[in-house]
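Chain by chain, the residues:
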Amino acid sequence: MPIRLARRIKDLDNVPFLKDMSSVQAVKDIYISSFLSLVKEPPIDSNVREALFARKLELLYERHSSVLVQMAKGAYELRELIRKNKIENLDAGSFEYMNECHAFLDRFYMSRIGIRVLAGQYIALRSPTMDGHIGMIDLHTSPYDVVKRAVIDASYMCENRFGTFPEVIITGRLDLTCPYIPTQLHYIILELLKNAMRATCEHHGIDPRKWPPIEVVIADGQSNEDVVIKISDEGGGIPRSNRKKIWSYLFTTVDPAIQDSLMGFDNNNELVDHSVDAPLAGLGYGLPISKSYARYFGGDVSIESMEGYGSDAFVHLRRLGDNLEPLPV
């Protein structure tokens, strides 16, 4: 783990533009502090020492819980400077296509997922064993149950924004179970449902009676390579010019005023990675992070869209146990 932290500290030092943002510098300080804490840890040669190490790991795990939001704030800070023409040779039109920054963020977030899975699994294995679990991994994860919980959370967030929420219909293999980490799957499904609900509400106006339902289909078969979850909406679709941009950590379609309010809300680090208290949209990292989560476990997320009608999002889940960890360099 110290090696992984060291590589990300070096990355944070070298990434162009983002490295100068105050939120990114704060993240680098967290990583440096965690790295020094771990390398100074004496050898674990007794149960007492192991217990002390585990407690330290829990504290570090908690301290890193807001890093994802902090990095998104860094992107916001850079976006604002570009919008105000305070960075030479960089305009708002090219912001979403900053390949070096995007490659850095891909490495950073993929590594962060790995670090949190390693630490979380270690901590979970020390806790009382739950039936059917190996640490964080639920050997009988029910995609249907995860989708139902994500629907509840997305509906709560949508209601906070629009006063109500669209209906969600779930069909397909409702009896299916497979080994997975439910919290990671919940994050992916929640992000896609949030997008679908927001698009539906904004595209069809303020009358909920005119909102078409969002449809979720869970598919699987004995010969299938993946478990696939499809989330379909009639929220107007995505313009072709934005198809590639939606996978950028630096792109958002949300009004700058909403982003401003979110940045003010988080001044005291009140938001953490998967908080349902966050706005329905605004930070711009939901889709690319969801794709990173799925790819970390050997799967993927893709979107097909028809402008003027709606979008179909596909979550491909590779059953755990037969793929290597995709470690970034």
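The structure under discussion appears in the preceding block.
Rules behind the numbers
- Residues numbered from 1 in each chain as written.
- Predicted model: local features only at pLDDT ≥ 70, side-chain atom pairs only at ≥ 80, totals over all residues.
- Heavy atoms only, no water.
- Helix = DSSP H or I, 4+ residues; strand = E, 2+ residues; numbered from the N terminus.
- Buried < 20%, exposed > 50% of the residue type's maximum accessible area, 1.4 Å probe, protein only.
- Pairing = 2+ DSSP bridges.
- Core = buried A, V, L, I, M, F, W, Y, C linked by side-chain atoms within 4.5 Å.
- Contact = heavy atoms within 4.5 Å.
- Axes fitted to C-alpha atoms, helices over the stretch in contact; angles between N-to-C directions.
- Phe/Tyr/Trp six-rings, centres within 6.5 Å; stacked < 30°, edge-to-face > 60°.
- Lys NZ or Arg CZ within 6 Å of the ring centre and 35° of its normal.
- Salt bridge = Lys/Arg side-chain N within 4 Å of Asp/Glu carboxyl O.
- Parallel < 35°, antiparallel > 145°, perpendicular 65-115°, else oblique.
- Left-handed = near helix turned anticlockwise from the far one by under 90°.
- Nonpolar A, V, L, I, M, F, W, Y, C, P; charged D, E, K, R; others polar.

Draft legend 1. Spotlight on unusual backbone geometry. Positive phi is not limited to glycine here, since Phe 17 has a value of about 70°. Counting through the fold element by element, Phe 17 comes out in the loop between helix H1 (2-14) and helix H2 (22-39). Phe 17 gets classed as partly exposed once you look at its relative accessible area, which sits at 31%.

Draft legend 2. Summary view of the pairing of strand S6 (residues 227-233). Counted residue by residue, S6 has six buried out of seven residues, so it is predominantly covered. Sheet topology note: the strand S5 (residues 214-219)/S6 ladder contains five bridges and is antiparallel. Each residue of the ladder has a partner; that of Val 216, found in S6, is Ile 231. Examined bridge by bridge, S6 and strand S8 (residues 310-317) share seven bridges and lie antiparallel to one another. Its bridge partner lying in S8, Val 228 is registered against His 316.

Draft legend 3. Spotlight on the nonpolar core. Within the largest apolar cluster, 84 residues are counted, with the highest numbers of intra-cluster contacts made by Leu 18, Met 71, Phe 108, Ile 189, Leu 193 and Ile 231. Of all the elements, helix H5 (residues 99-126) adds the most residues to this core, at 11 residues. Other than its neighbours up to four places away in sequence, Leu 193 contacts Val 147, Ala 150, Val 151, Ala 154, Val 168, Ile 214, Val 216 and Ile 231.

Draft legend 4. Spatial organisation of the sheet that holds strand S3 (residues 168-172). Pairing within the open sheet is mixed, and its five strands lie in the order S3-S5-S6-S8-S7. Every other strand in the sheet has two partners, leaving S3 and strand S7 (300-306) as the edge strands with one partner each. Mean inter-strand twist for the sheet, computed between neighbouring axes without regard to direction, equals 15°. Two strands pair when backbone bridges link them, and S3 and S5 are joined in this way by five bridges, in the parallel orientation. By the bridge assignment for S5, Val 168 is matched with Ile 214. Packing of helix H7 (residues 182-204) onto the sheet brings it into contact with S3, S5, S6, S7 and S8, and relative to S6 it is tilted by some 20°. Helix-sheet contacts for helix H9 (residues 286-296) involve S7 and S8, and the interaxial angle to S7 is about 135°.

Draft legend 5. Representation of the packing of aromatic side chains within the structure. Evaluated as defined, the whole model comprises eight aromatic pairs. Linked through ring pairs, Tyr 31, Phe 104, Phe 108, Tyr 109 and Tyr 249 together constitute an aromatic cluster. Its guanidinium or amino end placed over the ring of Tyr 61, Arg 116 lies 3.9 Å from that ring's centre, counting from NZ or CZ. The cationic tip of Lys 291 hangs over the ring face of Trp 247; the distance from NZ or CZ to the ring centre is 4.2 Å.

Draft legend 6. Fine view of the pattern of salt bridges. Counting across every chain of the model gives 18 salt bridges. Here Arg 8 and Asp 11 are joined by a salt bridge, their closest N and O atoms 3.3 Å apart. Linking Arg 8 with Asp 11, this pair stays in helix H1, spanning three residues, or about one helical turn. Between Arg 161 and Glu 202 there is a salt bridge, with the nearest N and O atoms lying 3.7 Å from each other. Here Arg 161 is found in helix H6 (residues 143-162), whereas its partner Glu 202 is found in helix H7, with 41 residues between them in sequence. A residue is classified by how much of its surface remains accessible, and Arg 161, at 39% relative accessible area, is partly exposed. Connected via shared salt-bridge partners are Arg 8, Asp 11 and Arg 107.

Draft legend 7. Region of the structure containing the sheet that holds strand S4 (residues 178-180). Pairing in this open sheet of three strands is antiparallel, and the strands run S1-S2-S4 from one edge to the other. Two strands lie at the open edges of the sheet, namely strand S1 (133-134) and S4, each paired on one side alone. Pairing analysis gives two bridges linking strand S2 (residues 137-141) to S4, with the strands arranged antiparallel. Paired with Thr 141 across the two strands is Cys 178, which belongs to S4.

Draft legend 8. Molecular detail of the environment of Asn 242. The topology assignment puts Asn 242 in the loop between S6 and helix H8 (256-265). Exposure remark for Asn 242: the relative accessible area of 15% places this residue in the buried category. For the pair Asn 242 and Thr 252, spaced 10 residues apart in sequence, the C-alpha to C-alpha distance is 10.0 Å.

Draft legend 9. Representation of the packing of H2 against helix H4 (residues 67-83) in the model. Where H2 meets H4, the closest approach of the two axes is 7 Å, and the angle between their N-to-C directions is 150°. By the angle between their axes, H2 is roughly antiparallel relative to H4. The two elements H2 and H4 cross, and the hand of that crossing is left-handed. Residue-level contacts link Ser 22, Ser 23, Val 24, Ala 26, Val 27, Ile 30 and Tyr 31 of H2 to Val 67, Gln 70, Met 71, Lys 73, Gly 74 and Glu 77 of H4. Here the residues of the contact of H2 with H4 sort into seven nonpolar, four polar and two charged.

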